[in-house]
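Now for the letters of each chain:
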Amino acid sequence: MKQDCNTDQDLYYYNCLDNSAIYKFCKQLFGLIETKLEEKQNIVILCIGSDRATGDCLGPIIGYKLEKLQYKNLAIYGTLNKPVHAKNLQDTLSMIYEQYRDPFIIAIDASLGKDKHVGYVTLAEGSLKPGIGVDKELPQVGDICITGIVNVTGYLNHMLLQTTRLDTVMQLADFICVGLRYVLRQQQTLPLTMTSR
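Note that the structure is predicted; figures quoted are calculated from it, not measured.

The rules behind these values
Each chain carries its own residue numbering, running from 1 in the written order of its sequence. Per-residue local features of the predicted model are confined to residues with pLDDT of at least 70, and side-chain atom pairs are confined, for both listing and counting, to 80 or more; whole-chain, interface and lining totals are unaffected and use all residues. As a convention, hydrogens and water are excluded, and side-chain values are obtained from all of the structure's heavy atoms. Segments assigned H or I by DSSP are reported as helices when at least four residues long, segments assigned E as strands when at least two residues long, and all are numbered from the N terminus. Between buried and exposed lies partly exposed: a residue is buried under 20% and exposed over 50% of the maximum accessible area for its type, with that area taken using a 1.4 Å probe on protein chains only. Only the protein chains shown count as cover for residues, and all accessible areas are computed by the Shrake-Rupley method using a 1.4 Å probe. For two strands to be treated as a pair, DSSP must find at least two bridges joining them. Here a crossover is taken to be right-handed if, once the strands point away from the viewer, the path from the first strand over the helix to the second is traced clockwise. Side-chain rings of Phe, Tyr and Trp, where Trp is taken by its six-membered ring, are said to pair if the distance between their centres is within 6.5 Å; with planes under 30 degrees apart they count as stacked, over 60 as edge-to-face, and otherwise as tilted. Contacts were defined at the residue level, with two residues in contact if any of their heavy atoms lie within 4.5 Å. Throughout this description, the term nonpolar core refers to a set of buried Ala, Val, Leu, Ile, Met, Phe, Trp, Tyr and Cys residues connected via side-chain atoms within 4.5 Å. Any N or O atom pair separated by 3.5 Å or less is treated as a polar contact, with the protein-specific requirement of one donor-capable and one acceptor-capable atom, and with residues adjacent in sequence counted only for side-chain atom pairs. Expected span of a helix, by definition, is 1.5 Å for each gap between consecutive residues, and there is one gap fewer than residues. Here, a salt bridge means any Lys or Arg side-chain nitrogen found within 4 Å of an Asp or Glu carboxyl oxygen. The directions from the helix axis to the C-beta atoms are what the arc is built from.

With respect to the overall build of the protein
What the protein contains, in helices and strands, is five helices and nine strands. Ordered by position from the N terminus, the helices and strands of the protein form the series β-β-α-β-α-β-α-β-β-β-β-α-α-β. When each of the 197 residues of the protein is scored for burial, the buried share is 51%. Accessible area for the protein stands at about 9800 Å²; split by element, carbon and sulfur atoms hold 47% of it.

Some remarks on the pairing of strand E3 (residues 43-47)
Burial runs high along E3: five of the five residues are buried. Residues Ile43, Ile45 and Cys47 line one face of E3 and the alternating positions Val44 and Leu46 line the opposite face, and both faces are buried. Relative to strand E4 (residues 74-77), E3 is paired through four bridges, and the arrangement is parallel. Across the sheet, Val44 pairs through a bridge with Ala75, a residue of E4. For the handedness criterion, the β-α-β arrangement of E3, helix H2 (residues 58-66) and E4 is classed as right-handed.

Focus on the packing of aromatic side chains
For the structure shown, the criterion picks out two aromatic pairs. Measuring from centroid to centroid gives 5.4 Å for Tyr14 and Phe25, while their planes differ by 80 degrees, and the two rings are edge-to-face. Remark: Phe25 occurs in helix H1 (residues 21-36) and Tyr14 occurs in strand E2 (residues 11-15); sequence separation between them is 11 residues. In this structure, Tyr14 and Phe25 share a single accessibility class: buried. With a centroid separation of 5.3 Å and an interplanar angle of 50 degrees, the aromatic rings of Phe25 and Phe175 are classed as tilted.

Details of the environment of Ile62
Secondary-structure assignment places Ile62 in helix H2. With 111 residues separating them along the chain, Ile62 and Ala173 place their C-alpha atoms 5.6 Å apart. Contact partners of Ile62, with chain neighbours within four places excluded, come to Cys47, Ile108, Ala173, Ile176 and Cys177.

Describing the nonpolar core
Leu29, Ile45, Ile62, Ile106, Ile108, Ile146 and Leu180 are the most contacted members of the largest nonpolar core, which totals 41 residues. Breaking this core down by element, the ones donating at least two residues are H1, E3, H2, E4, strand E5 (104-113), strand E6 (120-125), strand E8 (144-152) and helix H5 (166-187). The element best represented in this core is H5, accounting for nine residues. Each residue touching Leu29, except ones within four places of it in the same chain, is listed here: Leu123, Ile144, Ile146, Gly179, Leu180 and Val183. Among the nonpolar cores identified, the runner-up in size contains 17 residues, and Tyr77, Ile105, Ala107 and Leu138 belong to it.

Observations regarding the pairing of E6
Sheet topology places E2 next to E6; five bridges connect them, and they run antiparallel. Its bridge partner lying in E6, Asn15 is registered against Tyr120.

Observations regarding the side chain of Ser127
Here Ser127 is to be found in strand E7 (residues 127-128). Among the residues examined, Ser127 registers a relative accessible area of 14% and is labelled buried. A distance of 3.1 Å separates the side chain of Ser127 from the side chain of Gln140, its partner in a polar contact.

What about H5?
Under the 1.5 Å per step criterion, the end-to-end length of H5 is 31 Å for 22 residues, consistent within 8% with the ideal 32 Å. Looking only at H5, the buried set comprises Thr168, Val169, Leu172, Ala173, Phe175, Ile176, Cys177, Gly179, Leu180, Val183 and Leu184.

A word on the pattern of salt bridges
Applying the stated criterion to the full structure yields two salt bridges. Here Lys65 ties to Asp174 by a salt bridge, and the two come within 2.8 Å at their closest N and O atoms. With Lys65 in helix H2 and Asp174 in helix H5, this pair connects stretches of sequence that are 109 residues apart.

A few points about H1
Residues spaced three or four apart along an α-helix point in a common direction, a consequence of the helix completing one turn every 3.6 residues. For H1, which comprises 16 residues, the first-to-last C-alpha distance of 23 Å matches the rise-based estimate of 22 Å (1.5 Å per residue) to within 8%. Along H1, the residues that are buried comprise Ala21, Phe25, Cys26, Leu29, Leu32 and Ile33. Along the axis of H1, the buried residues cluster in a sector spanning 135 degrees; they form a single face. In H1, the exposed positions that point more than 90 degrees away from the buried face belong to Tyr23, Lys27 and Thr35. In this structure, the buried side of H1 is in contact with E2, E5, E6, E8 and H5.

Given below as structure tokens:
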């Protein structure tokens, strides 16, 4: 959590309540995918989080909202029914790399940040370091990372995740899903079977 995109690249912030922000998010995300997808065939959207804490359920909610997408070479991991969290992240990554030779992973997770950034989405090229805000050592993952800042970082971050407003999480999830659906539709024109885990 915290600011967990582990990258030397630029980190972009988008206010999910700003009507113009979705256009900027889509444009930047599309550009990152276009640039990095040249030698990678399969897109894996890895939605990290637990459905047992309001502040940590951003990933599973996004996975749930996207799991019915059917596009060529697209897989969704991490849903409300089958969340990907601290206990199964390593096994899930092993499964992904066994199934896909060179996957392009878009990693999504909830994040904690400054008060002025609560309700913002971040986007960056590079890997995500999940669990950093709650002092968990988990593997870094992703070619692109997207986070939704659900609450402020501070003392007892575990408790902050339990008291996060669901409305904030849903607004962030809706914003990210609209952006991903638009970009994937632009990226892929032939609907085929998709894998959901």
